[in-house]
Amino acid sequence: MNRTGQPENNELVIAAELKNLPCVLDFIEGHLEGTSISIKQKMQILVAVEEIFVNIASYAYAPDQGNAIVRIEFSDEPVEVTITFMDNGIPFDPLQRRDPDVTLSAEERRIGGLGIFMTKKTMDSVDYEYKNGQNILRLKKSI
Amino acid sequence: MLNINKQAENGKLVIALEGRLDTTTSPVLEVELKSSLDGVTELIMDFEKLEYISSAGLRVLLSAQKTMNNQGSMKVIHVNETIMEIFEVTGFSDILTVE
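Predicted model only: the values in this text are computed from it and were never measured.

## A short note on the interface of chain B and chain A
As a measure of interface size, the accessible area lost when the parts come together is often cited. Facing 20 residues of chain B, the contacting portion of chain A comprises 22 residues. When residues of the side of chain B that touches chain A are traced back to their parent elements, those giving at least two are β3 (42-53), α2 (55-71) and α3 (81-89) of chain B. The element that contributes the greatest number of residues to the side of chain B that touches chain A is α2(B), accounting for 7 residues. Residues of the side of chain B that touches chain A, tallied by class, amount to 6 nonpolar, 9 polar and 5 charged.

Shown next, in the form of structure tokens:
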């Protein structure tokens, strides 16, 4: 632990590219190991992290490239994990996207927006802000 | 990482998945399904060893379900609790036949 009570190396700076998804997931998984988290919670967090990172990798800088910062923090009261994604790409609030209609049949289904929708449903909170030229998206989940 | 095991017999195809069906691995399953669904009337997806699924995996399942709606039936079996919850949240539990 460092001065702020957070594990060391709790921040990953990485090129926002799809091929780096396994690195991002390994980074988060590594920090979740040794916590009291259940397998189900861990899987929900990894799915959410995947959805957000894939979004950034696909849209934030297209057609150019840039970095994403992923930070993981733990708090004791309440016992929760916070994962923050930052990028300097186009301002984009994925939470503004309309939720998909999950009652439609297979033939009528449009798949867009499902990843963000799943993230909103499985995390305790998902917040977005645009500040100092940065997209900041924060996931919180009690563990 | 995703392992795909296929067993085909008289129009019945069982695909057992092991690992994670995510953005990185879903295209592999998509290609596999595209090349093996010809003449299949009964598709069974065995999720016993599948740990998790993201929206990329759901897309592939939806596309397989649409194909099978036109030529037979599809069933997903041995779904774990985490994946079942994802199916429920996304309405996929109504689209797919989950046993």
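The rest of the description comes next.
## Some thoughts on the sheet that holds strand β4 (residues 125-131) of chain A
Residues and elements named next belong to chain A. Pairing in this open sheet of 5 strands is antiparallel, and the strands run β1-β2-β3-β5-β4 from one edge to the other. Two strands close off the open sheet at either side, each with one partner strand: β1 (11-15) and β4. Taking the axes of each pair of neighbouring strands and ignoring which way they run, one obtains an average angle of 15° across the sheet. Here 8 bridges tie strand β2 (residues 67-75) to strand β3 (residues 80-87), and the two strands are oriented antiparallel to one another. Note that in β3 the partner of arginine 71 across the bridge is threonine 84.

## A short note on the pairing of strand β4 (residues 73-77) of chain B
Residues and elements named next belong to chain B. Residues Met74 and Val76 line the buried face of β4, whereas the alternating positions Ser73, Lys75 and Ile77 sit on a face that is not buried. Across 5 bridges, β3 lies against β4 in parallel orientation. Note that in β4 the partner of methionine 45 across the bridge is valine 76. Crossover β3 to β4 through α2 is right-handed.

Basis of the calculations
Residues numbered from 1 in each chain as written. Chains lettered and ligands numbered in written order. Predicted model: local features only at pLDDT ≥ 70, side-chain atom pairs only at ≥ 80, totals over all residues. Contact = placed C-beta atoms within 7 Å. Helix = DSSP H or I, 4+ residues; strand = E, 2+ residues; numbered from the N terminus. Nonpolar A, V, L, I, M, F, W, Y, C, P; charged D, E, K, R; others polar. Pairing = 2+ DSSP bridges. Axes fitted to C-alpha atoms, helices over the stretch in contact; angles between N-to-C directions. Buried ≥ 20, exposed ≤ 12 C-beta atoms within 10 Å, placed from the backbone. Right-handed = clockwise from strand over helix to strand, strands pointing away.

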